[in-house]
Amino acid sequence: MTAKHRIIQVGSYAGSPTANDRLARDYDVVELWKYPDRKAALAEHGKGVDVLVTSASMGCTAEIIDALPDLKAICSWGVGYETIDVKAAQRRGIQVSNTPDVLTDCVADLAWGLILAAARRIAYGDRFVRTGGWGQVHGSIPLGSRVSGKKLGIVGLGRIGQAIAKRGSGFDMEVRYHGRRRRDDVPYTYEASLRDLAAWADFLVVATVGGPSTFHLISKEVIEALGPKGTIVNIARGPVIDENALVEALQTGKLGNAALDVFEHEPKVPDALKANDNVVLLPHIGSATLETRLEMENLMLANLEAFLKTGKVLTPVVE
Ligand code: DGY
């Protein structure tokens, strides 16, 4: 029997149905998260290791990359890679792959779940019924707002942003977007100014990449432009929104509603958001369906296998 190929796994894939088991079955896995001293573990087990598997929540720092002199590929589970030091990897010629496309529909569906939950007070109403508040047939909870026919602003019209926009047509919404550049291949109006997009929109959905290029892109000014009747939805990354400014705007009524799947310091969620009935909160579950999570692990494993067979990952991140 040939020895299994050794790989490094940065963290446990708790949110993926079978990724841990499949990796353990087919590879000699160094389970980095189980070692109290990561540096010592990498020094002891990292020699000769050419592949590392990770995810955006586990990350892969320059320190880890530096500790692995033979590393040639980083295969990540998930589409986001802002916690992987891609530049440090590229300097060494290390390939980095992620799992795009397979999660697009589920993340877009969840964005729509959040839009509807916020506007139609679905989460609020659910809490109201469960806690025994429902005493009269009509007039029980504050009125929500109509979704159909309203104005949908999308920040970041990549794959997920476009899937959200497409669903907007089903609700007869006018869609506009803001991003790094105008696209010629979409039927939506481009707004060069994010502030102007926010001032126009009823619903502003954040679907950008994370990382330094979008840190606090949704600033106090943008939030206030969206205004007391506006709703912000975030299915991208928490730090894209200035969370302190968001809390303040919600508390002072300068912003109407927020529906959030991601947070600036997740899994920490500010108490002020938890206490606010105009806020819908989810625990970062954009891609969390059985089908999609399986496809994510399939693609991560396919990247890993392809690298070992051909020396090339299938879906490299494009920087
Ligand atoms: C991603 O793909 O980056 C998601 O956040 C993981 O669910």
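What you are looking at is a predicted structure, and each value in this text was computed from that prediction instead of being measured.

### Digging into the overall build of the chain
Secondary structure assignment for the chain yields 12 helices and 12 strands. Principal-axis analysis of the C-alpha atoms places the extent of the chain at approximately 70 × 50 × 30 Å. Relative to its 319 residues, the chain shows a buried fraction of 50%. The contacts in the chain between residues at least 6 apart in sequence include a share of 59% that link residues at least 24 apart.

### Overview of the pairing of strand E6 (residues 151-155)
Most of E6 sits out of view: four of its five residues are buried. The pairing of E6 with strand E7 (residues 174-178) spans five bridges and is parallel. Bridge assignment links Gly153 to a residue of E7, and that residue is Arg176. In the sheet, E6 pairs with strand E9 (residues 203-206) via four bridges, with the strands oriented parallel. Residue pairing in the sheet places Leu152 in a bridge with Phe203 of E9.

### So, the domain arrangement of the chain
Taken as a whole, the chain is organised into domain 1 (6-98 + 291-310) and domain 2 (104-281). A straight line from the C-alpha centre of domain 1 to that of domain 2 covers 33 Å. Domain 1 puts four residues into the contact, and the matching count from domain 2 is four residues. Interface area for domain 1 against domain 2, summed over the two sides, is near 370 Å², with a carbon-plus-sulfur share of 55%. By the criterion of area lost to domain 2, the three top residues of domain 1 are Val79, Glu82 and Thr292, representing 82% of everything that side buries.

### Focus: the UniProt feature "domain: D-isomer specific 2-hydroxyacid dehydrogenase catalytic" (unreviewed entry) in the chain
Residues given the UniProt feature "domain: D-isomer specific 2-hydroxyacid dehydrogenase catalytic" (unreviewed entry) here are residues 25-317. In residues 25-317, the share of helix is 36% and the share of strand is 15%. The end C-alpha atoms are 27 Å apart.

### As for the site of the ligand
Neighbouring the ligand are the residues Gly78, Val79, Gly80, Leu103, Arg237, His284, Ser287 and Arg293. A distance of 2.7 Å separates an oxygen atom of the ligand from a polar backbone atom of Val79. One of the side-chain N or O atoms of Arg237 is found 2.6 Å from an oxygen atom in the ligand. Summarising the interface, the protein chains cover 87% of the accessible area of the ligand, which totals 230 Å² for the free molecule. Here the shell around the ligand is built from residues that sort into two nonpolar, four polar and two charged.

### Let's talk about the packing of helix H5 (residues 104-119) against helix H7 (residues 159-170)
At their nearest, the axes of H5 and H7 sit 8 Å apart, and the two run at 50° to each other. Here H5 is positioned oblique relative to H7, judged by the angle of their axes. The way H5 lies across H7 gives a crossing that is right-handed. Residues Thr104, Asp105, Val107, Ala108, Asp109, Ala111 and Trp112 of H5 lie in contact with H7, whose contacting residues are Arg159, Ile160, Ala163, Ile164, Arg167 and Gly168.

### Points about the UniProt feature "domain: D-isomer specific 2-hydroxyacid dehydrogenase NAD-binding" (unreviewed entry) in the chain
UniProt tags residues 113-286 as "domain: D-isomer specific 2-hydroxyacid dehydrogenase NAD-binding" (unreviewed entry). Helix makes up 32% of residues 113-286 and strand 16%, with an end-to-end C-alpha separation of 10 Å.

### A short note on the layout of surface pockets
Quantified by volume, the second largest pocket comes out at close to 150 Å³. Arg120, Arg121, Ile141, Pro142, Leu143 and Gly144 together form the lining of the second largest pocket. Of the residues assigned to the lining of the second largest pocket, the class counts are three nonpolar, one polar and two charged.

### Looking at the sheet that holds E7
The strand order across the open sheet formed by seven strands is E8-E7-E6-E9-E10-E11-E12, and the pairing between neighbours is parallel. Edge positions in the sheet fall to strand E8 (189-190) and strand E12 (279-281), since each has one partner strand and no second. Where strand E11 (residues 257-260) lies against E12, three bridges are found, and the strand directions are parallel. Following the sheet pairing, Leu260 is matched in E12 by Leu281.

### Brief notes about the sheet that holds strand E5 (residues 95-97)
Here five strands make up an open sheet; going across it, the order is E2-E1-E3-E4-E5 and the pairing parallel. The open sheet has two edge strands, strand E2 (27-31) and E5, and neither has a second partner. Going across the sheet, the axis of each strand differs from the next one's by a mean of 25°, ignoring polarity. Across the sheet, helix H12 (residues 290-310) is in contact with strand E1 (5-9), E2, strand E3 (51-55), strand E4 (73-77) and E5; its angle to E4 comes to roughly 170°.

What counts, and at which threshold
- Residues numbered from 1 in each chain as written.
- Predicted model: local features only at pLDDT ≥ 70, side-chain atom pairs only at ≥ 80, totals over all residues.
- Heavy atoms only, no water.
- Helix = DSSP H or I, 4+ residues; strand = E, 2+ residues; numbered from the N terminus.
- Buried < 20%, exposed > 50% of the residue type's maximum accessible area, 1.4 Å probe, protein only.
- Contact = heavy atoms within 4.5 Å.
- Pairing = 2+ DSSP bridges.
- Domains from an automatic or database assignment.
- Buried area = accessible area lost by both parts, 1.4 Å probe.
- UniProt positions renumbered as here; feature names shortened; annotations may be inferred.
- Near = heavy atom within 4 Å.
- Polar contact = N/O pair within 3.5 Å; in protein donor to acceptor, adjacent residues only side chain to side chain.
- Areas by Shrake-Rupley, 256 points an atom, 1.4 Å probe, with all protein chains shown as cover.
- Nonpolar A, V, L, I, M, F, W, Y, C, P; charged D, E, K, R; others polar.
- Axes fitted to C-alpha atoms, helices over the stretch in contact; angles between N-to-C directions.
- Parallel < 35°, antiparallel > 145°, perpendicular 65-115°, else oblique.
- Left-handed = near helix turned anticlockwise from the far one by under 90°.
- 1 Å grid on protein atoms, 1.4 Å probe; cavity = no way out; pocket = protein on both sides within 12 Å on 5 of 7 lines; lining within 4 Å.
- Points joined across faces, edges and corners; volume = space filled by probe spheres on them.

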